[in-house]
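# Structural description and commentary
The residues making up each chain are set out below.
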Amino acid sequence: MAMTTIQQTPVITDFPSITRDRLDILQVNLGYLCNLSCRHCHVNAGPKRTEIMDPDTLNTVISFLKESGVRTLDLTGGAPEMHPQFRFLVMAASALGVTVIDRCNLVILEEPGQEDLAAFLADHDVEITASLPCYLEDNVNAQRGKGVFNHSINALQKLNKLGYGQAHNNRTLNLVFNPQGPTLPPEQSALESAYKKHLKEHFNIIFNQLFVVTNMPINRFRNGLEHQGQLTPYLDLLKAHYRHDNLNSLMCKNTLSVDWQGFLYDCDFNQMLKLPLGAAHQSPCHITDINLEALTQQPITVDEHCFGCTAGQGSSCGGALK
Ligand code: SF4
Ligand code: SF4
């Protein structure tokens, strides 16, 4: 088994202690390879990254789905679709009746060699959660790279033609918004209405829901803030907007995050920070060793970045917290 480096220093934070509930969602990071290199990327993904999940680990993920009864597989990366066994994994999970979510950057649907990807996703009723950090071209290109906006629009139109985004079928298309800079995101339902109106009027695009997420003060985004002298004010902003009633809906309560080597974390952000699963553990836990019973009520590893999930309306991979 490949080794991973874990954070050895005990975490000291004034974020409250929280524990896990029942596991509902397995979120699997297939690797850091991506066709884009976005400014806000908390994974530092890009076209030159070589870390991807090996076939044995991928098969262990499928076995775990079979044995655990977990009903949702949430695939992330990088661009998960660039993994050579992405389609194999989707087909295996679908055959088990597991709902598959693809965290898609949209541009991948327009890349050479991926012309049939959208149809593949539609055929397997894969739920698409796609980042579109703004509905205005200049803002998207500034954050994600030149030309990304037009490619994203083309990809969304292609998905609509395949039936994605309609209220009455299983082809769910959700979009993700995150602020451009160190501010809290606007109220989710108001922004969703604005997105729906603009995309329909200008591009004849429809989608199901908008997920509004807070930028987490880690990795590439954190480095940018530090560089601009904005890190401390941003951390203070997150703490000032802490809301206790968000604690029960945090995604780490019912989601388990698996890295490309098969190691487990309470969430994708902890994975990026190498903060191991279970606050009491100081050794990495692997998907081959998972004990579902022990997992329930296990303490969640928290640190200062967690205030990003509890600020204001709250934030998760599914947007604002309910
Ligand atoms: S598309 Fe996603 S994974 Fe790829 S660089 Fe952008 S934010 Fe990171
Ligand atoms: S970053 Fe958010 S999801 Fe992750 S452990 Fe902290 S509160 Fe939970």
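Summary of the structure given here.

Calculation notes
- Residues numbered from 1 in each chain as written.
- Chains lettered and ligands numbered in written order.
- Predicted model: local features only at pLDDT ≥ 70, side-chain atom pairs only at ≥ 80, totals over all residues.
- Heavy atoms only, no water.
- Buried < 20%, exposed > 50% of the residue type's maximum accessible area, 1.4 Å probe, protein only.
- Helix = DSSP H or I, 4+ residues; strand = E, 2+ residues; numbered from the N terminus.
- Pairing = 2+ DSSP bridges.
- Phe/Tyr/Trp six-rings, centres within 6.5 Å; stacked < 30°, edge-to-face > 60°.
- Lys NZ or Arg CZ within 6 Å of the ring centre and 35° of its normal.
- Near = heavy atom within 4 Å.
- Nonpolar A, V, L, I, M, F, W, Y, C, P; charged D, E, K, R; others polar.
- Polar contact = N/O pair within 3.5 Å; in protein donor to acceptor, adjacent residues only side chain to side chain.
- Contact = heavy atoms within 4.5 Å.
- Expected span 1.5 Å × (residues − 1).
- Arc of directions from axis to C-beta.

## Overview of the pairing of strand β1 (residues 25-29)
The buried fraction of β1 is high, at four of five residues. Bridge count for β1 against strand β2 (residues 72-76) is five bridges, and the pairing is parallel. In the strand pairing of β2, Val 28 is matched with Leu 75. Relative to strand β7 (residues 255-258), β1 is paired through four bridges, and the arrangement is parallel. Its bridge partner lying in β7, Ile 25 is registered against Thr 255.

## Observations regarding the environment of Ile 300
Looking at the secondary structure, you find Ile 300 in the loop between α10 (292-295) and α11 (307-310). The spatial distance from the C-alpha of Ile 300 to the C-alpha of Ser 17 is 7.4 Å, given a sequence separation of 283 residues.

## Let's talk about the packing of aromatic side chains
The tally for this structure, following the rule as stated, stands at eight aromatic pairs. Aromatic side chains Phe 15 and Tyr 242 sit 6.4 Å apart centroid to centroid with 85° between the ring planes, which places their arrangement in the edge-to-face category. One end of the pair, Phe 15, is in the segment before β1; the other, Tyr 242, is in the loop between α8 (231-240) and β7, with 227 residues separating them in the sequence. On the basis of relative accessible area, Phe 15 is assigned to the buried category, the value being 5%. Aromatic side chains Phe 177 and Tyr 195 sit 6.3 Å apart centroid to centroid with 85° between the ring planes, which places their arrangement in the edge-to-face category. Here Phe 177 is found in strand β5 (residues 173-177), whereas its partner Tyr 195 is found in helix α6 (residues 188-203), with 18 residues between them in sequence. Judged by its relative accessible area of 1%, Tyr 195 falls in the buried class. Taken together, the ring pairs in this structure connect Phe 15, Tyr 242 and Phe 307 into an aromatic cluster. The residue whose ring lies beneath Lys 196 is Phe 207, and the NZ or CZ to ring-centre distance is 5.3 Å.

## Comments concerning the site of ligand 2
For ligand 2, the full set of nearby residues is Met 216, Leu 250, Met 251, Cys 252, Cys 267, Phe 269, Asn 270, Ile 300, Thr 301, His 305, Cys 306 and Cys 309. Its residues placed into classes, the shell around ligand 2 shows nine nonpolar, three polar and no charged.

## Some words on the side chain of Ser 315
With respect to the helices and strands, the residue Ser 315 is situated in the segment after α11. Judged by its relative accessible area of 4%, Ser 315 is buried. Of the polar contacts made by the side chain of Ser 315, one reaches the backbone nitrogen of Thr 214; its length is 2.8 Å. With sequence-adjacent residues up to four places away left out, Ser 315 is seen in contact with Val 212, Val 213, Thr 214, Gly 308, Cys 309 and Leu 321.

## Thoughts on helix α1 (residues 55-68)
Look at α1: 20 Å from first C-alpha to last across 14 residues, which is about the 20 Å you get at 1.5 Å a residue. Looking at α1, one finds that the buried residues are Thr 57, Leu 58, Val 61, Ile 62, Phe 64, Leu 65 and Ser 68. Down the axis, α1 shows its buried residues gathered within 155° of arc, on one side only. Of the residues in α1, the exposed ones pointing more than 90 degrees away from the buried face are Asp 56, Lys 66 and Glu 67. On its buried face, α1 is in contact with β1, β2, α2 (86-95) and α10. Capping the start of α1, Asp 54 holds a side-chain oxygen 3.2 Å from the backbone nitrogen of Asp 56, two or three residues further along. One or two residues past the end of α1 sits Gly 69, with phi positive at roughly 75°.

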